[in-house]
Amino acid sequence: MSVDLVVMNAKLVSPRGIIEAGVAVKDGKITAIARDIHLPDGDRKIDARGQYVLPGLLDGHVHTFLPPESPSTGTRAAAKGGLTTMFEMPGTQFGCFNIGDFKLKKETMERSAYVDFCIHAGCASGYPGELTNMWNAGATGAKFFVSSAGSKWPQTFDGEIIERFKEISSFGGIALIHAENDSILRDNLKRLRLEGRKDYAAHIEWRPKISEVEAGKRMIDYLEATSCRGMIVHTGAPETAWYAAEARMKGVKAYIETCPQYLYLTEDDVKRNGPWNKFAPPPRSKSDLVEIRQMLQDGWIQTIATDHAPYGIERKEAGLEDIFEAPNGMPGLETFLPLLLNGVNEGWLTLPRLAAISAENPAKLYGILPKKGILQPGADADMVFVDINKEVTLTNDDQITACSWTPYDGMKVKGWMTLSIIRGEVVMEDDQVLSREGSGKFVPRLYA
Ligand SMILES: [Zn+2]
């Protein structure tokens, strides 16, 4: 028997460990994982030269419908970053509140995506039944805002949030929750504005840790009350993650997502860099950062994603004089894996754990395992090779995202992606994107 592709001389990484083996691929799917001498002949052979090969990475939280970014430029940046499946998250630019929005988003992305993609639904006020419709069309989750998301996202308050959690619980879906206390944020903003505050520290004072922790705990209580699965997204507060852990011990299906910015940036960076490090919730103290790293490695935090929100330089520069004028969000697709590999070299993350938090866990939570997120026979042949010793300085000039900047400009990292494969096709090699616009496929949720 001959196959289409054989990857040999690799160190395959899974959450369960690392093995020296190769991968055989036919018709885009993995057909065998075996010692090299037991692999079948392949029409194409790729020698991994002893490098680590991870399952294709998932990014569970991406906003590519955010000018100057588009699904085309954003998914291309994802390909360059070694990501193979991305989850488009609704934002204020494209809410995805009903089945019509969902279909339009799917068709737009099918024309433009360079990597495979899933679509999360959005929950805004006044769309009863639409989460069910989008779930039936293959949505992988539903985004909620507890605080205001601006005028384009009709705000849901607690009564409606609980009703929608019940709806999601009825079909076994998952709620993805931006948790910040709306009243605290509104009062703080009013006070800071009256005081004439425009400085960078005002962003931290506007959105204090207690507003994040209180809302996170309250939402976890609502998940318990409604038997709904849920994930508190972009978490940088250890208190929320510990509360979710306690809840899980009681059987509550509450999970935690964090992002690289909570593993590398603190409130001091916001005070120093202003709009370039402005996102919400903001990062916290150095000791919180250390604790989040530890909780991620030890299993108390289940997933990591970018929350790629690529506002352009001009929009961000508006905050140089008045921090409130800059939008919340930063790009992250191209720096995601390098920052995690750098963590492996710094010793606070292991490669098997990296495979869990950025591949297998999100695939399982979002219902696309074992098609994605794992290297095993029957799975899509998605993988990313890494040179764990390669040192690179991250620069704005090297970013291909349409926003063309990175919050990590000038930072030296150790560990780099060298090649990635989606469904048996090489999509990135040595920082060059080889896949085509529209080659990425929609991946519907496979199960609840
Ligand atoms: Zn987001």
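Student: Could you clarify how one ought to interpret the overall build of the protein in this entry?
Tutor: A tally of helices and strands in the protein yields 14 helices and 18 strands. A globule of 448 residues ought to have a C-alpha radius of gyration of about 22 Å, and the protein, at 21 Å, matches this closely. Counting only C-alpha atoms, the protein reaches 70 × 50 × 40 Å along its principal axes. When burial is assessed residue by residue, the protein has 61% of its 448 residues classed as buried.

Student: Looking at this model, I keep getting lost on unusual backbone geometry. Mind explaining?
Tutor: Backbone geometry follows two general trends: most residues other than glycine have a negative phi, and most peptide bonds adopt the trans configuration. In the segment running from P67 into P68, the intervening peptide bond is cis, with an omega of 5 degrees. Topologically, P68 is positioned in the loop between β6 (57–62) and α1 (71–80). Following L369, the chain continues to P370 via a peptide bond in cis, the omega torsion being 5 degrees. Here P370 is to be found in the loop between α14 (351–365) and β15 (383–393). A positive phi is found at D27, a non-glycine position, where the angle reads about 50 degrees. With respect to the helices and strands, D27 occurs in the loop between β2 (17–26) and β3 (29–34). Its relative accessible area of 66% is what places D27 among the exposed residues. Its identity as a non-glycine residue notwithstanding, D430 has a phi of 45 degrees, on the positive side. Its location among the elements puts D430 in the loop between β17 (425–429) and β18 (432–433).

Student: Mind showing me how you'd approach the side chain of H63 here?
Tutor: Looking at the secondary structure, you find H63 in the loop between β6 and α1. Owing to a relative accessible area of 10%, H63 belongs among the buried residues under this scheme. Separated by 3.4 Å, the side chains of H63 and H61 make a polar contact. Those residues within four positions of H63 in sequence are excluded, and the remaining contacts are E88, M89, P90, G91, K143, D307, H308, A309 and P310.

Student: Would you explain the nonpolar core in this entry?
Tutor: The biggest cluster of nonpolar side chains holds 90 residues, and the ones touching the most others in it are L131, F144, F165, I177 and L354. In terms of residues, this core owes the most to one element, helix α13 (residues 336–346), which gives six residues. Mapped onto the domain boundaries, this core takes at least three residues apiece from domain 1 (2–53 + 376–433) and domain 2 (57–365). Dropping the residues within four chain positions of it, I177 is found in contact with F144, V146, F165, M219, L223, M231, I232 and V233.

Student: Quick question: what am I supposed to make of the pattern of salt bridges here?
Tutor: Where charged atoms of side chains with opposite charge meet at close range, the side chains can pair. If you walk through the whole model with that rule in mind, you get 26 salt bridges. Between K209 and D288 there is a salt bridge; the shortest N-O distance is 3.1 Å. Residue K209 is located in helix α7 (residues 209–226), and its partner D288 is located in helix α11 (residues 286–298); the two are separated by 79 residues in the primary sequence. D288 sits in the buried class, given a relative accessible area of 9%. Here the salt bridges share partners, and the residues they tie into one network are K29, D116, K371, K372, D380, D382 and R423.

Student: Explain a nonpolar patch on the surface to me, please; I cannot follow it from the model alone.
Tutor: Nonpolar side chains collect at one region of the surface, where W242, M249 and W300 lie side by side and expose about 330 Å² of accessible area between them. Examined against the element boundaries, W242 turns out to sit in helix α8 (residues 238–249). On the accessibility criterion, W242 (34% relative accessible area) is partly exposed.

Student: Help me out: how do you make sense of the packing of α7 against α8 in this one?
Tutor: A pair of packed helices is characterised by two quantities: the angle between their axes and the separation of those axes. Across the interface, α7 lies against α8 with an axial gap of 8 Å and an inter-helix angle of 15 degrees. Judged on the interaxial angle alone, α8 and α7 are roughly parallel. Judged by the twist between their axes, the crossing of α7 over α8 is right-handed. Of α8, the residues touching α7 (which contributes K209, E212, V213, G216, K217, I220 and D221) are P238, E239, T240, Y243, A244 and A247. Across the contact of α7 with α8, the residue classes break down as six nonpolar, two polar and five charged.

Student: Is there a simple way to think about the pairing of strand β13 (residues 254–258) in this case?
Tutor: Taking burial as the measure, the five residues of β13 include five buried ones, the bulk of the element. Here β13 shows two buried faces, one formed by A254, I256 and T258 and the other by Y255 and E257. Across three bridges, the pairing between strand β12 (residues 229–232) and β13 is parallel. Bridge pairing in β13 links I232 to I256. The handedness of the β12 to β13 crossover, carried by α8, is right-handed. Relative to strand β14 (residues 303–304), β13 runs parallel, the two sharing two bridges. Counterpart to E257 in the pairing with β14 is T303.

Criteria and thresholds
Residues numbered from 1 in each chain as written. Predicted model: local features only at pLDDT ≥ 70, side-chain atom pairs only at ≥ 80, totals over all residues. Heavy atoms only, no water. Helix = DSSP H or I, 4+ residues; strand = E, 2+ residues; numbered from the N terminus. Rg over C-alpha atoms; globule rule 2.2 N^0.38 Å. Buried < 20%, exposed > 50% of the residue type's maximum accessible area, 1.4 Å probe, protein only. Polar contact = N/O pair within 3.5 Å; in protein donor to acceptor, adjacent residues only side chain to side chain. Contact = heavy atoms within 4.5 Å. Core = buried A, V, L, I, M, F, W, Y, C linked by side-chain atoms within 4.5 Å. Domains from an automatic or database assignment. Salt bridge = Lys/Arg side-chain N within 4 Å of Asp/Glu carboxyl O. Patch = residues over 30% accessible without salt bridge, like charges linked within 9 Å, V, L, I, M, F, W, Y side chains within 5 Å. Areas by Shrake-Rupley, 256 points an atom, 1.4 Å probe, with all protein chains shown as cover. Axes fitted to C-alpha atoms, helices over the stretch in contact; angles between N-to-C directions. Parallel < 35°, antiparallel > 145°, perpendicular 65-115°, else oblique. Left-handed = near helix turned anticlockwise from the far one by under 90°. Nonpolar A, V, L, I, M, F, W, Y, C, P; charged D, E, K, R; others polar. Pairing = 2+ DSSP bridges. Right-handed = clockwise from strand over helix to strand, strands pointing away.

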